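Structural description and commentary
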Amino acid sequence: MMKKILAMLLAVLMTVGVLAGCGGADVSGKKENDGASVIKVGTSGPLTGDNAVYGVAVKNGLELAFEEINALGDLQFEVKAEDDEADSEKAVNAYNTLMDWGMQIMAGPTTSGSAAATAQKCAADKVFMLTPSASDPAVIAAGDNVFQICFTDLNQGKASAQYIKDHNLATKIGIIYDSSSPYSAGIYNTFKAEAAALGLEIAIEAPFTEGTKGDLTTQVTMCQQANCDLVFLPIYTSEAVKVLSVANSNGYAPKYFGCDGLDGILSVENFDTSLAEGVMLLTPFDATATDEKTQSFVTKYTEKYGTAPNQFAADAYDVAYAIYEACKAGGVTADMSAEEVNAIMVEQITKMSFDGLTGQAMQWGADGAVSKDPMAVVIENGIYVGMD
Amino acid sequence: MIFLIWLLYIPALYLVYGLRLALAGMGIYLHTFPTMLLHGAVFVGVYYLIKYLKKLLKVKPRIPANAGKRDKTISVYGLVTVGFTAMTALQGYGMLSRSMQGYLVPICAYVVLALSLNLVVGISGELSLGHAGFMGVGAFAGIVAATCAQNAVSDPFLRLVIGMVAGGLMAGVAGLIVGIPVLRLRGDYLAIVTLAFGEILRSLTENLYVGLDRAGLHMSMSNGGVQLQEGGKMIISGALGATGIKPISTFVAGILLVFFTVAVVLNLVHSREGRAIKAVRDNRIAAESVGINATTFKLKAFVISAVLAGMAGALFGLNLGSVQASKFSYTTSIDILVYVVLGGMGNMLGSIISTVVLYLIPEFLRSLADYRMIMYAIVLIVVMLCTWSPKIKNTISLFTYTMRTYWNRLFRKKGGSGK
Amino acid sequence: MDFLQYFIDGLYIGAIYAIIALGYTMVYGIAKMLNFAHGDVIMVGAYMSYTFVSASGMPVYLSIPIAMVICTVLGIVIEGLAYKPLRGTSSLAVLITAIGVSYFLQNAAQLIWGPAEIGFNRLVNAKPFLLFGGKLRISPEAMVTLAIAVVIMVALTTFVNRTQTGKAMRAVAEDRDAAQLMGINVNRTISITFAIGSALAAVAGVLLCSKVQSVSPTVGSMPGIRAFTAAVFGGIGSIPGAMLGGMLLGLVETLTGAFISTQFSDAIVFLILIVVLLVKPAGLLGKQTQEKV
């Protein structure tokens, strides 16, 4: 027994030692700012595993933005991203690790479930939290100092139904959604309620789950067999790509309507973007927009990370600038405690009007929600075209 | 004798804690109910530890029959006690980082899960891949019970206990429902069926909506199914799970649960039933031929294990502000299984140690950023090879032997090999 | 007509499950271990195919042999490094190492190809055949996949029953010690089994990703679990059993999804599995072994 424990400990020590030696180079390669003079911003998100694509995008967006902000030479920030595997338990661990590091502002987490747990910690510890992408209303309900920069799921479901009704887009609607994802199920619930109120006909509801999302053929076929002329997709790009491809192979071409999760569909590697022609979506961000701000962001991001940014990255980028502006306006300095920063930030954010990549003149209510209207776009010739 | 030590023990504790309080400037929980319980538990631990140490000091020829087992039992209690005392002391002196403090309760929960799974995998010899399902049932039942008791019971510890009892009961019922059909199967068939049940439990909780208002508890499998009155509150809402829970789990409660689990598991293992279960594990036919009803005993172990897992789930769930059903998928079951196998089948002490170590490795590897999980995988493989492979084990013992010989040669000058 | 459509869809995914399950069942039968990393070998196969197709522009079917060769090598390396040292110890220990290998492969893939979904070219890029005025669609790819599955099964059965190596495999599966005494090189036989299993995984990977037209680091994990279920369903260790189990699983999954609930299709599939195992504890085609004292 003792020998076994000894062997185990030895092995752990050895591998960790050896591997830390290899990995150390990468970590120390990053430029570390002087601890005293920087404002420490933390974030957490799934950097490994199934949902890593979202967490990594948020991390990249924040890093890019704070690099630019630091280059302005005004306030200096340091950003640190921790992996939470989209799991609320790990999110709390990540949060604690960040607090040990000395975090003053929380610019995360990425996913709703994690954010709900972290928000409660932030509310209890009085740490200002502004999440780029956790869109569930339960997140901002946790405390007065928790804010979102994305619009809530309620908002999107309602707006989608309204839009479809107003423009008479569909007679029979099929919905393909992820019943195991808070984001997707949240939008679905409000969409369904609103559709019933507006008298839209939902012919097929074809949910999938974490376990069945690998192959969505059945869901597509169900919509096809029911002759739905519009398929509502309150899901993320990675699954939407499968839906569009499979439908195309089966010779099924309905109209598609999605929410902000669909954003980024044009930049999926090796995906035939012609399949996305005519897809309508509500999005706050348009990577193909021609304004200078977006152009510069997209160019820099693509240069640095090798892929085009999606809405998560854009939201994170906005979060960074919103934090910067609020800090500047409120006179936040690096030597303040998280609680002092919190008081200033809450005051500043509720009275500022912020122009970012994902919206103009954004304003925050005391409840933590942002006022920005979902913008409906349609994909034409590989770019977003605004619809009225 | 025991009573005497007990009498001495209480003032001694007050002395120690009082000193600590004076030093750290913390005036908290000396007179509360959980502390009393805890003191009892610590007392038992210390008592056994002393006995163990005495045994170690007395160089006696080993009596093969029961001596080793006894030692191990004592050392399990001792380890938990030492771990608890060390952590509380460090916490008291403010020497624990926030993240370390954050790990304490989840580690307790996982230790209980590993111990209870060890009962099934190690003692009963059945590979179960659905343990997280029971944990999930316990977590959600515990959250619902604790929320319902919010107005009636003001003491958070008592509410936690209510939550854990409810979680344990519900998980026990689930364990019974699962166990009756499952235990008719053997080996890998049993494994796949437990996996299947775990996934079914998860799938059901993922679509569960529970709300609470003045009229009582409302439950439904669809979002529209729960209509609440004014002032009502959703406790569990489908995929989003339970959010806005008030965290009431504490390290003290966690350690108490660990003690409870250790007591239950070890008592079962060393009881008549335990021997029967092991007999069935080692040779089913032989055991049946001497009149042991294999299924009944195995079912008993399975249900007890589910109850403990449910209690751990409640502890786990009531520690976080939000819990999602996706947490209780087979990935978590496998994590727990890894703790058990690495610690050694049927080895409770090993389970505790390996749970703590394996839980902390990914957390300590955070500085490696993107490489974190790949490192964890490599560590896992290497550790498995080092602890199980006969060849590598031989090499290691050869290495340690050589080192010891050198050590003796250098410093002791009187080892068998030195001159 | 709806039923027929879903039936065909079910056969299509079932054929892929069957190929994965064949790999599972062979490894289980001979090495007596649950190779949890099998699903991730599928993923590696798919990524290999993608890499070669996108680098050289070759058609997908040409990339299959390349992916097979790479996965075969990978399978042998994994077996040699992670499983062989533990041979003869507890089968649970090997299970845990397999889980470690699975984590390793997933995370390595994420580091190499990134966490995002990548589009995957189709194996057969053709419109489906339309029958009954477009009510019934049969995609040529489904037919090709089914054909490949059948060919693989026939070839595998022949190989196991007729060749010297195949006989050695069966002997090792039956009784490892006795086989060794008869002069069979057990280690080599197990390595060959892993090689074959991994090559099959590569084929399955390409077929699977070609069906869903995308690939990601976790693409193999759920189908891996499904195929494991399928292998048990059909009677683990049995080649026709794996084939049957895979097909049935695909059918059950698709039909319950279409006619009962896609939300609970997972739960229902598992429930059916449980019921089947209670009636036939060794799976559909598994041998019910009599225990001797």
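Parameters at a glance
Residues numbered from 1 in each chain as written. Chains lettered and ligands numbered in written order. Predicted model: local features only at pLDDT ≥ 70, side-chain atom pairs only at ≥ 80, totals over all residues. Helix = DSSP H or I, 4+ residues; strand = E, 2+ residues; numbered from the N terminus. Rg over C-alpha atoms; globule rule 2.2 N^0.38 Å. Buried ≥ 20, exposed ≤ 12 C-beta atoms within 10 Å, placed from the backbone. Contact = placed C-beta atoms within 7 Å. Axes fitted to C-alpha atoms, helices over the stretch in contact; angles between N-to-C directions. Parallel < 35°, antiparallel > 145°, perpendicular 65-115°, else oblique. pLDDT = per-residue confidence, 0-100. Pairing = 2+ DSSP bridges. Right-handed = clockwise from strand over helix to strand, strands pointing away. Nonpolar A, V, L, I, M, F, W, Y, C, P; charged D, E, K, R; others polar. Arc of directions from axis to C-beta. Core = buried A, V, L, I, M, F, W, Y, C linked by C-beta atoms within 7 Å. Left-handed = near helix turned anticlockwise from the far one by under 90°. Expected span 1.5 Å × (residues − 1).

Within chain C, the secondary structure is distributed over eleven helices and four strands. Rg of the C-alpha trace for chain C: 19 Å, near the compact-globule value of 19 Å for 293 residues, within the 12% margin. Dimensions of chain C, computed from the C-alpha atoms along their principal axes, are close to 65 × 50 × 35 Å. Sorting the 293 residues of chain C into buried and exposed places 60% on the buried side.

With that settled, the discussion passes to the overall build of chain B. Along its length, chain B carries 15 helices and five strands. When each of the 419 residues of chain B is scored for burial, the buried share is 50%. If you take every contact in chain B between residues at least 6 apart in sequence, the share linking residues at least 24 apart comes to 74%.

Let's shift gears to the packing of helix H5 (residues 140-162) of chain C against helix H6 (residues 164-174) of chain C. Residue and element names in this part refer to chain C. With their axes 5 Å apart at the nearest point, H5 and H6 run at an angle of 80° to one another. When the interaxial angle is binned, H5 and H6 end up roughly perpendicular. Contact residues: H5 offers Phe159, Val160, Asn161 and Arg162, while H6 offers Gly166, Met169 and Arg170.

A few words now on the confidence of the model for chain C. Mean pLDDT for chain C: 90, with 98% of residues reaching 70 or above. At the level of chain-chain contacts, confidence expressed as ipTM amounts to 0.90, with global pTM at 0.87.

Turning next to the pairing of strand S1 (residues 39-45) of chain A. Residues and elements named next belong to chain A. The element S1 is largely enclosed, with a buried count of six among its seven residues. With seven bridges joining them, S1 and strand S2 (residues 77-83) adopt parallel strand pairing. Residue pairing for S2: Lys40 is matched across the bridge by Glu78. Tracing the backbone out of S1, into helix H2 (residues 52-71) and back to the parallel element S2 gives a crossover that is right-handed.

Our focus in this paragraph is the interface of chain B and chain A. The partner chain A presents 46 residues to the 47 residues of chain B that form the contact. Taken together, the elements giving at least two residues each to the side of chain B that touches chain A come down to helix H4 (98-123), helix H7 (187-206), strand S4 (241-243), strand S5 (322-323), helix H13 (348-364), helix H14 (372-388) and helix H15 (390-412) of chain B. Broken down by element, the residue count for the side of chain B that touches chain A peaks at nine residues, all from H14(B). Counted by class, the side of chain B that touches chain A contains 20 nonpolar, 18 polar and nine charged residues.

Here we take up the sheet that holds strand S1 (residues 209-213) of chain B. Residue and element names in this part refer to chain B. Spatial ordering of the open sheet is given by S2-S1-S3-S4-S5, a layout of five strands whose pairing is antiparallel. Bordering the open sheet on either side are strand S2 (216-220) and S5, each of which pairs with just one other strand. Where S4 lies against S5, two bridges are found, and the strand directions are antiparallel. Residue pairing for S5: Ala242 is matched across the bridge by Val323.

With that settled, the discussion passes to helix H9 (residues 272-282) of chain B. Quick reminder: α-helices carry 3.6 residues per turn. Residues three or four places apart thus point the same way. Residue and element names in this part refer to chain B. All buried positions along H9 are accounted for by Ala276, Ile277, Val280 and Arg281. One side of H9 holds all its buried residues, which, seen down the axis, span an arc of 140°. Exposed positions of H9 whose direction lies more than 90 degrees from the buried face are Arg272 and Asp282. For H9, the secondary structure elements touched by its buried residues are H4, helix H10 (284-289) and helix H11 (294-317).

Here we come to the interface of chain B and chain C. Contact residues are listed per partner, giving 36 residues for chain B and 34 residues for chain C. Elements that contribute at least two residues to the side of chain B that touches chain C include exactly H7, H10, helix H12 (330-343), H14 and H15 of chain B. Among the elements that line the side of chain B that touches chain C, the one with the most residues is H14(B), at ten residues. Classifying every residue of the side of chain B that touches chain C by side-chain character gives 28 nonpolar, three polar and five charged.

Turning our eyes to something else, we now look at the nonpolar core. In this structure, Leu315(B), Ile19(C) and Leu22(C) are the most contacted members of the largest nonpolar core, which totals 370 residues. Looking at this core element by element, the count peaks at 18 residues for helix H1 (residues 2-31) of chain C. Apart from residues lying up to four places away in sequence, Ile19(C) is in contact with Ala149(C), Ile152(C), Leu200(C), Val203(C), Ala204(C) and Leu207(C).

Moving on to the confidence of the model for chain B. Residues and elements named next belong to chain B. The share of residues in chain B with pLDDT of 70 or more is 81%, and the mean pLDDT across the chain is 81. Across residues 18-33, confidence stays below pLDDT 50; counting only partners more than four residues off in sequence or on other chains, it has 13 contacts. Overall, residues 59-67 carries pLDDT values under 50, and its contacts beyond four positions in sequence, including any with other chains, amount to one contact.

Before going further, it helps to examine the sheet that holds S2(A). Residues and elements named next belong to chain A. Spatial strand order, S2-S1-S3-S4-S5: five strands in an open sheet with parallel pairing. At either margin of the open sheet sits one strand with a lone partner, and together these are S2 and strand S5 (146-148). Seen against the sheet, helix H12 (residues 338-351) touches strand S3 (105-106), strand S4 (128-131) and S5 and runs at an angle of roughly 50° to S4.

All names here are of chain B. H11 packs onto helix H5 (residues 131-148) with a crossing angle of 55° between their chain directions and a minimal axis gap of 6 Å. It follows from the interaxial angle that H5 and H11 lie oblique. Note that H5 runs across H11; the crossing there is right-handed. In this structure, H5 contributes His131, Phe134, Met135, Gly136, Val137, Gly138, Ala139, Phe140, Ala141, Gly142 and Ile143 to the contact, and H11 contributes Ala306, Ala309, Gly310, Met311, Ala312, Gly313, Ala314, Phe316 and Gly317.

Time to look at the environment of Gly198(B). All names here are of chain B. For Gly198, the location among the structural elements is in helix H7. On the neighbour-count criterion, Gly198 (26 C-beta atoms within 10 Å) is buried. In sequence terms Gly198 and Ile236 are 38 residues apart; their C-alpha atoms lie 19 Å from each other. Not counting chain neighbours up to four residues away, the residues in contact with Gly198 comprise Leu129, Gly130, Ala132, Gly133, Tyr330 and Ser333.

Over its 15 residues, helix H11 (residues 265-279) of chain C extends 21 Å from the first C-alpha to the last, a length consistent with the 21 Å expected when each residue adds 1.5 Å. Structurally, H11(C) contributes buried residues whose contacts are with helix H6 (156-182) and H7 of chain B together with helix H9 (221-234) and helix H10 (239-259) of chain C.

Residue and element names in this part refer to chain B. Across the five residues that make up strand S3 (residues 233-237), a large majority, four, are buried. Across four bridges, S1 lies against S3 in antiparallel orientation. If you follow Gly211 over to S3, its bridge partner there is Met234. Once S3 ends, the chain turns through three residues before running back antiparallel as S4, passing Gly238 with a positive phi of about 50°.

Attention now goes to the environment of Ile162(B). Residue and element names in this part refer to chain B. Position of Ile162 among the secondary structure elements: in helix H6. What makes Ile162 partly exposed here is the crowd of 19 C-beta atoms within 10 Å. Through-space distance from the C-alpha of Ile162 to that of Leu256 is 14 Å; in sequence the pair is 94 residues apart.

The next subject is unusual backbone geometry. Residue and element names in this part refer to chain A. Of note, the amide linkage connecting Gly108 to Pro109 takes the cis form, showing an omega dihedral of -20°. Residues other than glycine seldom take positive phi values, yet Ala86 does so here, at roughly 55°. Here Ala86 shows up in the loop between S2 and helix H3 (88-101). Unlike most non-glycine residues, Asn381 shows phi in positive territory, near 50°. The residue Asn381 is located in the loop between strand S14 (375-380) and strand S15 (383-386) in this model.

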